[in-house]
Every structure is written in structure tokens, then in C-alpha cells.
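These are the residues of each chain, in order.
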Amino acid sequence: MFNKRIKVKELLALEPNNQEVTVMGWVRSFRNNQFIALNDGSTNNNIQIVAELGRFDEDILKRITTSASLKVSGVIVSSLGKGQKMDLKATSIEILGDSDAEKYPIQLRNRPTLEYLREVAHFRFRTNTFGAVFRVRHSLAFSVHKFFNDKGFVYMHTPIITASDAEGAGEMFRVTTLPFENPPKTEDGSINFKEDFFGRNTNLTVSGQLEGELAATAFGDIYTFGPTFRAENSNTARHLAEFWMIEPEMAFCDLEDNANLAEEFIKYIIKYAMDNNREDLEFLAQRLADEEKQLPQDKRSEMSLIEKLEFVLNNNFERLTYTEAIDILKESNHNKKKKFQYPVTGWGMDLQSEHERYLVEKHFKKPVILTNYPKEIKAFYMRQNDDGKTVAAMDILAPGIGEIVGGSQREERLDKLEQRMKEMNVPADQLWWYLDTRRFGTVPHAGFGLGFERMVQFVTGMNNIRDVIAFPRTPKSAEF
Ligand code: ATP
Ligand code: MN
């Protein structure tokens, strides 16, 4: 019977009064042949188990080693020691699984680096840092569903294998069952995808947006929350080849409504984590502060992690147009002193992440919603503004992260959409079903995509995106 165990988190909330309990977990440490710190993943706090001297056989005691798994029964009493409110006085200790402490790959006393822990990602959940990160990640995921469910949005599962490229320029992973050697060829010598599994060329999805639009034009409000794949060779601390994206899509919605929803959504999920994961966030705030002690003063964050999150909750995001942003960048001392690696050439240029970070971290010092970008640097489906130059796009930029949301009002006018697809060489025949929504009951609609891992980075203060997803997929790396 395993189900009569109490989780450590619940146990620590009790007032100790000789209650009998059974706990199970993994040994964090064993001191003086007497005090076991046991962790079961429900919280970073351990239960201190007291194995009274003389009560247990030596051959049991010597098997209580780092990361061995135990089942312990006993009674809880007020702790005599400092640092914990209760002890579990053990009456029975059962070793569920031994662990050779010398060979266990994580030796906490050696202060393993985050880079090293990525190599032993199968065990990194058993550290305090990753325990906290993944409990926060869970809460954020749960709150995403809660937010949209409470607003009456329908959760859509859009396909993972697709034959369309939503972005028009995404770098995609091909899905095929054709043989590498001697694949079937057409008469002109190219590969004959008609003989492939789906009878056509298919890929892993880069976005569920196009299918999301189909659903929004029936349900009104929908969202997706699923895996997304990009074969971009960007070895940065903000890019994964496999990441999770949340994509709401709303009918009867314009760019301003879209921006309002995105801001409300981001604040809601941050607040949810603040309310439900306080201990873990305080631990992560301390971790970040310790890490930053190694940096020179001017490279350290001005606010603690908790202060930063509170600041985001309590302040409006700054909203401005792309055109206004270019003026700010051009006039900045940073630009005049030629400190940007990519000079600000002027209107029409794509913003590099250093420009985005300048705007949020140096100029406004808060999240920024940038709108109305030049149509040349944005996707074909974005709604064309009356000026003939810009589209109703929005990006949300966050301090320390850069772009966290990309969205737009979509082009609902068939003629304008077809004309733009022609200009951008997007094959209209393959997207007949997408265009059909503009033929039958078209409506103004809008949506956005939020990169879930970037959000988890923002809330946990982890610098590298590889440390907020369980088993990261990046160029040349797909272990576990
Ligand atoms: P970036 O310029 O940072 O590469 P993008 O313009 O390619 O982003 P979109 O196509 O608008 O991004 O995707 C929507 C959101 O998905 C982004 O705002 C970001 O939060 C997230 N995102 C995009 N690419 C990645 C990636 N490779 N890994 C993790 N998250 C990503
Ligand atoms: Mn990208």
C-alpha cells in the first residue's frame, strides 16, 4: 500500500503532536548516523527524520546514502534542533532502492554548475534549483488553462504534422518515411513525395496559428498550447528546436483588444505563480542574487526577482509603435556612441535583440508592446494598415528576455490577403482552406503566440532556456 504516504509538503504544514505518518522519498543527506533529510519533490523543504541511536541495524543505516529511496514510518514531534519545526521519529525504515553515493552523478558539495547538470538531466530534478523551476513551470502551465477556461476559450489541439509553413519562412523539420538511400524520384530527378507516407511533403509544425484561425471563426475564442518545432540553427540562450507555445485566437477582435488580452494574460499567470509558488520563487530569487554576486555591480539586476515580478504586475506595459521605437533608438546616446553591434539604419530595419533589450531594459525599464511594423518584415497574414506601409503586428518585449510574444490582427479581407500572398510568393492553392474562411463569413480577428519557455525563464530568473525545459532539444543535442 503506497497510497497511505503523506507528502512532505502536507506533512510540514501539520502541527506536530505524535501523529503516526509514513513518508517516502529520496535521501538528500544523512548526518551523524542519525539525521536523515528526506525529499519527495513536493517541496524543496526536507523532512528531518531521526533514526535514534541503537534502534536500527547497522546494515540498514549504511544503506542510507545520497539519493537512496526510503519508506519511513514514525511519529512527528516538535524538533529540538534549529532550522525545522518538526522531526519524524522513525519506527521503521525500509530501503526501497539503494544508491551508491560515490557513483551518484550529482555531488552537491562540489557545487555542480547548471551546465554540468544539463549533462545529467535525468537526475537534475532532484536538486533544489530544478525542483523549484519545474514546480513553477507546472503552475504556469496550469494557470494558462485556468485563465482561458475561465474566459470561455476552447482549447484546440492543432496538428503537429503539417503540410503548411505558417510563417512562410520557418526552418522546418521534415517528416518522412522515404528511405535515405534511393528515395523515389520524379522524372525531373527530384524526390517524389507522392510516394511518401502522406503523399506529400510534410513537416513538424512551427505554429498552430493557421488552424487556430479556422477554429476561432467558429468558436469565437480558442487557444492552443502545444509543442512547436523550429530547425533554426540559433545557439542562443532563448531558442530551442522544440518549445511549447500558447496561441490564443479571437474572432471579433482588433489589435488593441489583442494587446489588452496579452497583457492581462501575462499578469495573470505571473500572479498565479506568485500566489501558489511563493517558497519556490523566493528560493529562485536567492539563487539569482547569489549568481549575480559574481558579476560587476553594473551588470547586476536592479531589482530582485520577486520585486521584478511585482513591478510587472503593478505597472502598465509601455505601448508604442515601431516607428516611435526607431526614433527612440536613433536618437539614443547608445546609438550615437556607436555602441550597437547592428547600427540603427532607420525605418524599415528589423530590430535585433540588442535593440529590443535597449528599449525594455535601458529606456523604458518595463515590458513594452511594439505595434505596427513595416509589412516587409512581417508575415503575409497580418492585417494591412491604411498607410500602405505597415501591418497590425505586435511584439511584446520583456526585460532580460527580449521577445516573449508575437501577434497580430489578421487580414480578414480576401482581396488584400490574396494580393499580399502573391507579393510574398505564398502558395495560395495549398492554403485554399485558409482562404475559405475569408470567403464564408469572414470577421475581424486577432491572436498571438507566447513562447512558454521564455515565460518560464522570465518568472524563474533562469538565464538559459535549456534550464526551464526538462530535456532540451538544441542543435547537436537530443540526449534523454
Ligand atoms: P525570435 O525573433 O526571438 O526568434 P520569432 O519572431 O521567431 O522570435 P514568433 O515566430 O513570433 O517568434 O513566435 C512566437 C513566440 O514563440 C516568440 O515570441 C517567442 O516567445 C517564442 N519562440 C520563437 N522561437 C522560439 C524558439 N526557437 N525557442 C523558444 N521560443 C521561441
Ligand atoms: Mn525566430
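Thresholds, definitions, all that
By convention here, each chain's residues receive numbers from 1 onward along its written sequence. To read the labels, note that chains go from A and ligands from 1, taken in the order they are written. Residues qualify for local features only when their pLDDT is at least 70, as the model is predicted, and side-chain atom pairs are given and counted only at 80 or more; totals for whole chains, interfaces and linings, by contrast, use all residues. Side-chain numbers here rest on the full set of heavy atoms in the structure, without hydrogens or water. Working definition: residue near molecule or strand if any one of its non-hydrogen atoms lies within 4 Å of it. What qualifies as a polar contact is a pair of N or O atoms within 3.5 Å, subject to a donor-acceptor requirement within protein and to the restriction that residues adjacent in sequence count only when both atoms come from side chains. Each accessible area is a Shrake-Rupley result for a 1.4 Å probe, and residues are judged covered by the shown protein chains and nothing else. Helix and strand definitions follow DSSP, with helices as H or I runs of at least four residues and strands as E runs of at least two, each counted in order from the N terminus. For two strands to be treated as a pair, DSSP must find at least two bridges joining them. By convention in these notes, a salt bridge is any Lys or Arg side-chain nitrogen within 4 Å of a carboxyl oxygen on Asp or Glu. Relative accessibility under 20% of the residue-type maximum defines a buried residue, over 50% an exposed one, and the middle range a partly exposed one, all with a 1.4 Å probe and only protein chains included. To define axes, lines are fitted to C-alpha atoms, for helices over the stretch in contact only, and angles between the resulting N-to-C directions are given on a 0 to 180 degree scale. By definition in this entry, angles of less than 35 degrees are roughly parallel, angles greater than 145 are roughly antiparallel, angles of 65 to 115 are roughly perpendicular, and the rest are oblique. Whether two residues are in contact is decided by their heavy atoms, any of which lying within 4.5 Å being enough. Charged residues are taken to be Asp, Glu, Lys and Arg, nonpolar residues to be Ala, Val, Leu, Ile, Met, Phe, Trp, Tyr, Cys and Pro, and polar residues to be all remaining types, Gly included. Pairing of aromatic rings covers Phe, Tyr and Trp, the last through its six-membered ring, and needs centres within 6.5 Å; plane angles under 30 degrees mean stacked, over 60 mean edge-to-face, and all others mean tilted. Both a distance and an angle decide whether a charge sits over a ring: NZ of Lys or CZ of Arg must be within 6 Å of the ring centre and within 35 degrees of the ring normal.

Caption draft 1: Broad picture of the site of ligand 1. For ligand 1, the set of nearby residues contains 16 residues, the closest of which are Arg230, Glu232, His239, Glu403 and Arg454. Between Glu403 and ligand 1, the recorded distance is 2.8 Å, taken from a side-chain N or O atom to an oxygen atom. In the environment of ligand 1, an oxygen atom lies 2.8 Å from a nitrogen or oxygen atom belonging to the side chain of Arg454. Its free accessible area being 580 Å², ligand 1 has 82% of it covered by the protein chains. Residue assignment for the shell around ligand 1 shows that the elements contributing at least two residues are strand 11 (242-251), strand 15 (402-409) and strand 16 (445-451). Here the element with the most residues in the shell around ligand 1 is strand 15; it accounts for four residues.

Caption draft 2: Inspection of the sheet that holds strand 12 (residues 318-321) at higher detail. One open sheet holds the eight strands; their spatial order is 6-10-11-16-15-14-13-12, and the pairing between them is mixed. Strands at the two margins of the open sheet, each flanked by one partner only, are strand 6 (154-155) and strand 12. Sheet topology places strand 12 next to strand 13 (residues 368-374); four bridges connect them, and they run parallel. Counted as the bridge partner of Leu320 is Leu370 from strand 13.

Caption draft 3: Expanded view of the pattern of salt bridges. Scanning the model with the defined rule gives 30 salt bridges in all. Across the pair Glu52 and Arg55 runs a salt bridge, and its minimum N-O distance is 3.2 Å. A residue is classified by how much of its surface remains accessible, and Arg55, at 44% relative accessible area, is partly exposed. Via salt bridges that share partners, Arg118, Arg124 and Asp467 belong to a single interconnected network.

Caption draft 4: Expanded view of the side chain of Ser207. Relative to the helices and strands, Ser207 is located in the loop between strand 9 (202-204) and helix 5 (209-219). A relative accessible area of 5% means that Ser207 is categorised as buried. Among the polar contacts listed, one links the side chain of Ser207 to the backbone nitrogen of Gln209, at a separation of 3.0 Å.

Caption draft 5: Summary view of the packing of helix 12 (residues 414-423) against helix 13 (residues 432-439). The interhelical angle for the contact between helix 12 and helix 13, taken along N-to-C directions, is 155°, at an axis separation of 9 Å. As far as their axial angle goes, helix 13 and helix 12 are roughly antiparallel. The segment helix 12 lies against helix 13, with Leu414, Leu417, Glu418 and Met421 engaging Tyr434, Leu435, Arg438 and Arg439. Residues that form the contact of helix 12 with helix 13 fall into these classes: five nonpolar, no polar and three charged.

Caption draft 6: Region of interest: the pairing of strand 1 (residues 20-31). As defined by bridge partners, strand 1 adjoins strand 4 (residues 69-78) across seven bridges and the pair is classed as antiparallel. Residue pairing for strand 4: Met24 is matched across the bridge by Lys71. Relative to strand 2 (residues 35-39), strand 1 is paired through five bridges, and the arrangement is antiparallel. Within strand 2, the position partnered with Val27 by the bridge is Leu38. Where strand 1 folds back onto strand 2 in an antiparallel hairpin, the turn is made up of three residues, including Asn32, whose phi is positive at roughly 55°.

Caption draft 7: Local environment of the packing of aromatic side chains. With the rule as written, the count across this model stands at 23 aromatic pairs. An angle of 50° between the planes, with centres 5.2 Å apart, marks the rings of Phe147 and Phe265 as tilted. In this pair, Phe147 sits in helix 4 (residues 128-150) while Phe265 sits in helix 6 (residues 255-276), placing the two residues 118 residues apart along the sequence. Residue classification places Phe265 among the buried positions, given a relative accessible area of 0%. Aromatic side chains Phe471 and Phe480 sit 5.7 Å apart centroid to centroid with 40° between the ring planes, which places their arrangement in the tilted category. When its relative accessible area of 37% is taken as the criterion, Phe480 is described as partly exposed. Among the aromatic residues, those joined into a cluster by ring pairs are Phe147, Phe148, Phe153, Tyr155, Tyr223, Phe265, Tyr268 and Phe448. The cationic tip of Lys389 hangs over the ring face of Trp347; the distance from NZ or CZ to the ring centre is 4.8 Å.

Caption draft 8: Here's a closer look at the sheet that holds strand 8 (residues 174-175). Strand order in the open sheet made by the three strands is 7-9-8, with antiparallel pairing throughout. In this open sheet, the two edge strands, each paired with only one partner strand, are strand 7 (161-162) and strand 8. Pairing analysis gives two bridges linking strand 7 to strand 9, with the strands arranged antiparallel. By the bridge assignment for strand 9, Thr162 is matched with Asn203.

Caption draft 9: Expanded view of the side chain of Arg420. The residue Arg420 is located in helix 12 in this model. When sequence neighbours within four positions are dropped, the list of residues in contact with Arg420 reads Lys375, Glu376, Phe380 and Gln384.

Caption draft 10: Broad picture of the environment of Arg454. By secondary structure assignment, the location of Arg454 is in helix 14 (residues 452-460). Given the relative accessible area of 14%, Arg454 is considered buried. Distance from Arg454 to Met245, taken between C-alpha atoms, is 9.7 Å for residues 209 residues apart in sequence. In this structure, Arg454 is in contact with Arg238, His239, Ile401, Glu403, Ile404 and Ile465, ignoring residues within four places of it in sequence. Within polar-contact distance, the side chain of Arg454 engages the backbone oxygen of Arg238 at 2.9 Å.

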